[in-house]
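Coordinate analysis (summary)
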Amino acid sequence: MVDQPFIQLNRVNKWYGEFHVLRDISLSVAKGERIVICGPSGSGKSTMIRCINRLEEHQQGQIFVEGIELTNDVKNVDAIRREVGMVFQSFNLFPHLTVLENLTLAPIWVKQMPKAEAEDIAMTYLKRVQIPEQAHKYPGQLSGGQQQRVAIARSLCMNPKVMLFDEPTSALDPEMIKEVLDVMVELAESGMTMLVVTHEMGFARTVADRVIFMDRGEIVEEDTPEEFFTHPKSDRTKLFLSQILGH
Amino acid sequence: MTDIAAGSVSRPPAAQTGVVGWLRQNLFSNWFNCALTFLALYVIVVGGKALVDWALLDATFVGTFEDCRKGTGACWAVVAEKRHFMLFGTYPYEEAWRPAAATALFIVTLLVSTRRSLWGRPLMIGWIASFIVMGVLMRGGVLGLTPVTTENWGGLPLTLMLSSIGIIAAFPLGLVLALGRRSTMPIIKALSVAFIELVRGVPLISVLFMASVMFPLFLPEGVTIDKLLRAQVGIIMFAAAYIAEAVRGGLQAVPKGQFEAADALGLSYWKSMRLIILPQALRIVIPPLVGIFIGMFKDTSLVLIIGLYDLLNAVRTSINDPNWRAFGTEAYIFAAAVFFVFCYFMSKYSQYLERLLAAGRNR
Ligand SMILES: Nc1ncnc2c1ncn2[C@@H]1O[C@H](COP(=O)(O)OP(=O)(O)O)[C@@H](O)[C@H]1O
Ligand SMILES: [Mg+2]
């Protein structure tokens, strides 16, 4: 690749007290790449992607997003958060605002966008996630799948260059998982750079350029989905795959 | 099974519904409840009749204290006779229209503010304008109004001003203290905690007493600060500490994910507080906040210990007149009624607000 990597983690370490949650994580993500991260619960997947937009602070090593290093400098943090969108397992929509207000809040208050323009953009994205008719409802009146699609649209309204997903479908009833995955597949096809923590292996196969397997704070294995699923190298990966694939 | 599905059987039996059903279920379900019901009815009828006789049928509504002494019922004439002192304290008699107008202006502004559609900057300016006009009316010295010093302000306008200015000023201070207490900056956190705990740890009476007696000792000679102002500052500090703790409870109840979503969208600390966190936290704490407001409204009567005549103290003083001293009960009932009207209004309005702000969010 001629491009410098879009996201780069260099030997990142993090501790919660005595607990070593991230061990020497190095990772580089090129523009337009789609990466799926999986691994057993508690292995540090959330912590790793939350370090990329500074919801968590790393203690050693370096993280760069678009060449900007994440430091304690608030300016850098703000600049990076403008480029990085995030979707949470529990949606985290603002319950006191309507769907439309959820979408326009950040463009209006962070980007100083005029309200009418922000609403136009919001409606465009609501159409893209197939729920324009819910614009004036409150999040509490929507189903889980609809809420998660609103959350994706809310991030997209800030026009991010990369999207982080932290188990976006694990809080959903089975029949709603597909509607969210469909939106994510469509987003991947549009060329968005994506880091997705998920155990939806079908999604990984169709969309991912690379699959990363984490265990106990380390990146254990990293490969194309094809290789990862058919010829896993480490025993830990094999064990994990047998647990989630084999019934 | 098929019976249950049929429409006719899915209704409860008639004996359990309607007025008769309600009576039977709640008042006459067994002989013991029957006995209790009849006993309670007896007490209500006898007590109610005595009360109506005293307060209405045998009462003296107009007349002199001699008329009152002849009667067996309540003497409401005391309220008419002493109305100026009860409502306005030592404010000059011939200027009574001024505190009356100030009070009326306050009540109108308050009623206008209850309309949600009017909330915004103009209303805030309206409140400031109202307070300025009230101040001018009370104080005089301009526009040909005779000056009246704050020493002579008293009664209902004093109670309303002390408590409303107290609430309006204490609220933002309380918010800042609540945020300060949760701050990650150690000095700000320590200062907030110290202030809150110190103020909450002492009775309001001692705060007022310190404000009026101790505070002047620390001022350079020749500098005096108006006694009313000192009492007002004491009340504001006191209320702010309680408001801060109520709001902190609300902040803790907002899920962590809300803070994270706001951060991830790039909102600054103050914007996320103002737009995301506080609107949710404050809605949760409406009931305790209104409780604090009602408490403050009633606690303003403690300014009597530093010699200010709030509504209650004015009423108490008005019956020092030997001729009317016997009718203190009636005077206190009047004071209680005025307090009740305002407190009940606050309570009802808070319930309305809760419903209004919850609309649309319910699943
Ligand atoms: N704020 C925290 N304080 C202490 N330990 C934490 C905290 N957050 C996460 N952990 C621990 O760090 C480990 C990794 O957590 P996480 O990144 O959420 O894992 P994953 O997303 O892979 O399930 C877990 O063992 C978890 O208990
Ligand atoms: Mg996780």
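About the thresholds
- Residues numbered from 1 in each chain as written.
- Chains lettered and ligands numbered in written order.
- Predicted model: local features only at pLDDT ≥ 70, side-chain atom pairs only at ≥ 80, totals over all residues.
- Heavy atoms only, no water.
- Helix = DSSP H or I, 4+ residues; strand = E, 2+ residues; numbered from the N terminus.
- Rg over C-alpha atoms; globule rule 2.2 N^0.38 Å.
- Buried < 20%, exposed > 50% of the residue type's maximum accessible area, 1.4 Å probe, protein only.
- Contact = heavy atoms within 4.5 Å.
- Pairing = 2+ DSSP bridges.
- Axes fitted to C-alpha atoms, helices over the stretch in contact; angles between N-to-C directions.
- Disulfide = S-S within 2.5 Å.
- Domains from an automatic or database assignment.
- Near = heavy atom within 4 Å.
- Polar contact = N/O pair within 3.5 Å; in protein donor to acceptor, adjacent residues only side chain to side chain.
- Areas by Shrake-Rupley, 256 points an atom, 1.4 Å probe, with all protein chains shown as cover.
- Nonpolar A, V, L, I, M, F, W, Y, C, P; charged D, E, K, R; others polar.
- Buried area = accessible area lost by both parts, 1.4 Å probe.
- Salt bridge = Lys/Arg side-chain N within 4 Å of Asp/Glu carboxyl O.
- pLDDT = per-residue confidence, 0-100.
- Parallel < 35°, antiparallel > 145°, perpendicular 65-115°, else oblique.
- Left-handed = near helix turned anticlockwise from the far one by under 90°.

Summing up its helical and strand segments, chain B has 17 helices and one strand in all. A compact globule built from 363 residues would reach a C-alpha radius of gyration of about 21 Å, whereas chain B, at 27 Å, exceeds it by more than 25%. Dimensions of chain B, computed from C-alpha atoms along their principal axes, come out at roughly 90 × 75 × 40 Å. Expressed as a percentage of its 363 residues, the buried residues of chain B come to 40%. Across chain B, the fraction of contacts at a sequence separation of at least 24, relative to all contacts at a separation of at least 6, is 68%.

Turning our attention to the pairing of strand β4 (residues 60–65) of chain A. Residues and elements named next belong to chain A. In this sheet, β4 lies alongside strand β1 (residues 7–16) in antiparallel orientation, the contact comprising five bridges. Counterpart to asparagine 10 in the pairing with β4 is glutamine 62. Two strands pair when backbone bridges link them, and β4 and strand β5 (residues 68–69) are joined in this way by two bridges, in the antiparallel orientation. The residue of β5 that forms the bridge with phenylalanine 64 is glutamate 69. Remark: two residues form the turn of the hairpin made by β4 and β5, two consecutive strands paired antiparallel; glutamate 66 in that turn has positive phi of roughly 50 degrees.

Okay, the sheet that holds strand β6 (residues 84–87) of chain A next. All names here are of chain A. Strand order in the open sheet formed by six strands is β6-β7-β8-β3-β9-β10, with mixed pairing between adjacent strands. Among the strands making up the open sheet, the edge pair consists of β6 and β10 (218–223). Averaged over neighbouring strand pairs, the angle between their axes works out to 20 degrees when direction is ignored. Note that strand β3 (residues 34–38) and strand β8 (residues 193–197) share four bridges and pair parallel. The partner of isoleucine 37 across the bridge, within β8, is valine 197. Packing of helix α5 (residues 144–156) onto the sheet brings it into contact with β6 and β7 (162–166), and relative to β6 it is tilted by some 170 degrees.

This part is about the state of the cysteines. Residues and elements named next belong to chain A. All told, the structure shown has zero disulfides over all chains when counted by the stated rule. Cysteine cysteine 38 is unpaired, with the sulfur of cysteine 51 as its nearest cysteine sulfur at 19 Å. For cysteine 38, a relative accessible area of 0% gives the class buried.

For chain B, the domain assignment lists domain 1 (23–49) and domain 2 (163–321). Just the C-alpha atoms count here: the centres of domain 1 of chain B and domain 2 of chain B sit 46 Å apart.

All names here are of chain A. The immediate surroundings of ligand 1 are formed by Tyr16, Phe19, Val21, Pro40, Ser41, Gly42, Ser43, Gly44, Lys45, Ser46 and Thr47. Between a nitrogen atom of ligand 1 and a side-chain N or O atom of tyrosine 16, the distance comes to 3.4 Å. One nitrogen or oxygen atom from the side chain of threonine 47 is found 2.4 Å from an oxygen atom belonging to ligand 1. Surface burial for ligand 1 is 58%, taken as the share of its 560 Å² of free accessible area covered by protein chains. Here the element with the most residues in the shell around ligand 1 is helix α1 (residues 45–52); it accounts for three residues. For the shell around ligand 1, a count of residues per class yields four nonpolar, six polar and one charged.

Contacts between chain A and chain B engage 23 residues on the former and 23 residues on the latter. Where chain A abuts chain B, roughly 2000 Å² becomes buried across the two surfaces, and 60% of that area is made up of carbon and sulfur atoms. Summed over the shared surface of chain A and chain B, the number is one salt bridge. Its salt-bridge partner being glutamate 260 of chain B, residue arginine 50 of chain A comes within 2.7 Å of it at the nearest N-O pair. Elements that contribute at least two residues to the side of chain A that touches chain B include exactly β6, α3 (99–109) and α5 of chain A. Counting residues per element, the side of chain A that touches chain B draws most heavily on α3 of chain A, at three residues.

All right, on to the confidence of the model for chain B then. Residue and element names in this part refer to chain B. Looking at chain B, the pLDDT average stands at 84 and 94% of residues meet or exceed 70. Within chain B, helix α1 (residues 2–5) has the poorest average pLDDT of any element, 48, and helix α13 (residues 256–264) the best, 94. Our summary of model confidence lists the complex with pTM equal to 0.84 and ipTM equal to 0.93.

Two side chains with opposite charge may pair up if their charged atoms get near one another. All names here are of chain B. Tallied over the entire structure, the rule returns 24 salt bridges over all chains. Glutamate 95 is the salt-bridge partner of arginine 98, the closest N and O atoms lying 3.1 Å from each other. Connected through salt bridges with shared partners, the residues Arg181, Glu197, Arg200, Glu245 and Arg248 form a single ionic network.

Looking now at the packing of α3 of chain A against helix α4 (residues 115–128) of chain A. All names here are of chain A. Close contact between α3 and α4 brings their axes to 9 Å; oriented N to C, the two are set at 125 degrees. Comparing their axes, α4 and α3 come out oblique. Handedness of the α3/α4 crossing: right-handed. Only Lys115, Ala118, Glu119, Ala122, Met123 and Leu126 of α4 make contact with α3, whose side of the interface consists of Val99, Leu100, Leu103, Thr104, Pro107 and Ile108. Grouping the amino acids of the contact of α3 with α4 by side-chain chemistry returns nine nonpolar, one polar and two charged.

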